[in-house]
Amino acid sequence: MEGDGGGGMTTPAELIAQARAAKRAALDELAGKRLLAGFGVSVPRSRVVQDAGAAAAACRELKPPLVLKIMSPDLLHKSDAGGVKVGLGSAAEVEDAVRAMMKQPAIESARIDGFLLEEMAPVGVEVVVGGLRDPQFGPLVMAGLGGVFVEVLADVAFRICPVTRLDAEEMLDELKGAALLRGARGRRPVSREAIVDVLLKVGGESGLLMTHGADIAEADINPLIVSERGAVAVDARFVLTQ
């Protein structure tokens, strides 16, 4: 499900260098997803567009249902600002969604880099995978359940990088809601192996946090949608070290 976002191939090091050259404190969502794709993490196919007409035209290259997101360095929480619309099924709906977003008060006063139009991930369990740079221990990787509710549920596990496959398995076993991954209450089980794979690509010996840990202060893949078939990083945020 990886998408090029409408641009060419850029190495992870180049993505970070470009953000620093632009004096950004963090990678934007598109750059964050390209960074993940560079380490083999699946991300939605996407296109970046600048206006309603271009958004409608881009629908020909993507498979609905689609998600539309505002791209702005001024909007940390896009949903709260009215900058996210999901389940769009046609070019007309996408075009209307862009125009409606531009009328939102928080968006009208913000700097806009464009709109990210992407395919929706398959239905699944919302997981979060993240990381941070600890002054004493160096890079740490985190896994948790809850997606947007991760702070409320506080169901997370941490390990010092680099993690092994056994470490990643143990992290999932520690979660209070681990039964959700196995298909509790009649739900179909999701792929634990897919989550382990993402944890290794992020926090493993040759993973993102070990390779670029000196540049990344915080990493947040939230949510990572996990289904029976795999895992897709639906949103990604990387704060750079200063």
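Source: prediction; values computed, not measured. (Residues numbered from 1 in each chain as written. Predicted model: local features only at pLDDT ≥ 70, side-chain atom pairs only at ≥ 80, totals over all residues. Heavy atoms only, no water.)

## Details of the domain arrangement of the chain
Next, step 1: Looking at the assigned domains, one finds that the chain contains domain 1 (12–119) and domain 2 (125–240).
Next, step 2: Overall, the association of domain 1 and domain 2 removes approximately 1800 Å² of surface from exposure, summing both partners, and the carbon and sulfur fraction of that is 67%.
Next, step 3: It is I16, L36 and F39 in domain 1 that bury the most area against domain 2; as a group they hold 30% of the surface buried on that side.
Next, step 4: For D215, the salt bridge goes to R20, with nearest N and O atoms at 3.2 Å.
Next, step 5: There are 7 residue pairs in polar contact (both at pLDDT 80 or more) connecting domain 1 and domain 2.
Next, step 6: Those elements that place two or more of their residues in the side of domain 1 that touches domain 2 are α1 (12–21), β1 (26–27) and α2 (29–38). (Domains from an automatic or database assignment. Buried area = accessible area lost by both parts, 1.4 Å probe. Salt bridge = Lys/Arg side-chain N within 4 Å of Asp/Glu carboxyl O. Polar contact = N/O pair within 3.5 Å; in protein donor to acceptor, adjacent residues only side chain to side chain. Helix = DSSP H or I, 4+ residues; strand = E, 2+ residues; numbered from the N terminus.)

## Digging into the nonpolar core
What tends to happen in soluble globular proteins is that the nonpolar side chains get buried as a cluster.
Next, step 1: With 43 residues, the main nonpolar core has L36, V127, L199, L224 and F238 as its most contacted residues.
Next, step 2: Broken down by element, this core gets its largest block of residues, 6 residues, from helix α8 (residues 192–203).
Next, step 3: Formed jointly, this core draws a minimum of three residues from each of two domains, domain 1 (12–119) and domain 2 (125–240).
Next, step 4: With sequence-adjacent residues up to four places away left out, F238 is seen in contact with A26, L27, G32, L35, L36, L208, I216, E218 and A219.
Next, step 5: With 20 residues, the next largest nonpolar core counts C59, L66, L88 and A97 among its residues. (Core = buried A, V, L, I, M, F, W, Y, C linked by side-chain atoms within 4.5 Å. Buried < 20%, exposed > 50% of the residue type's maximum accessible area, 1.4 Å probe, protein only. Contact = heavy atoms within 4.5 Å.)

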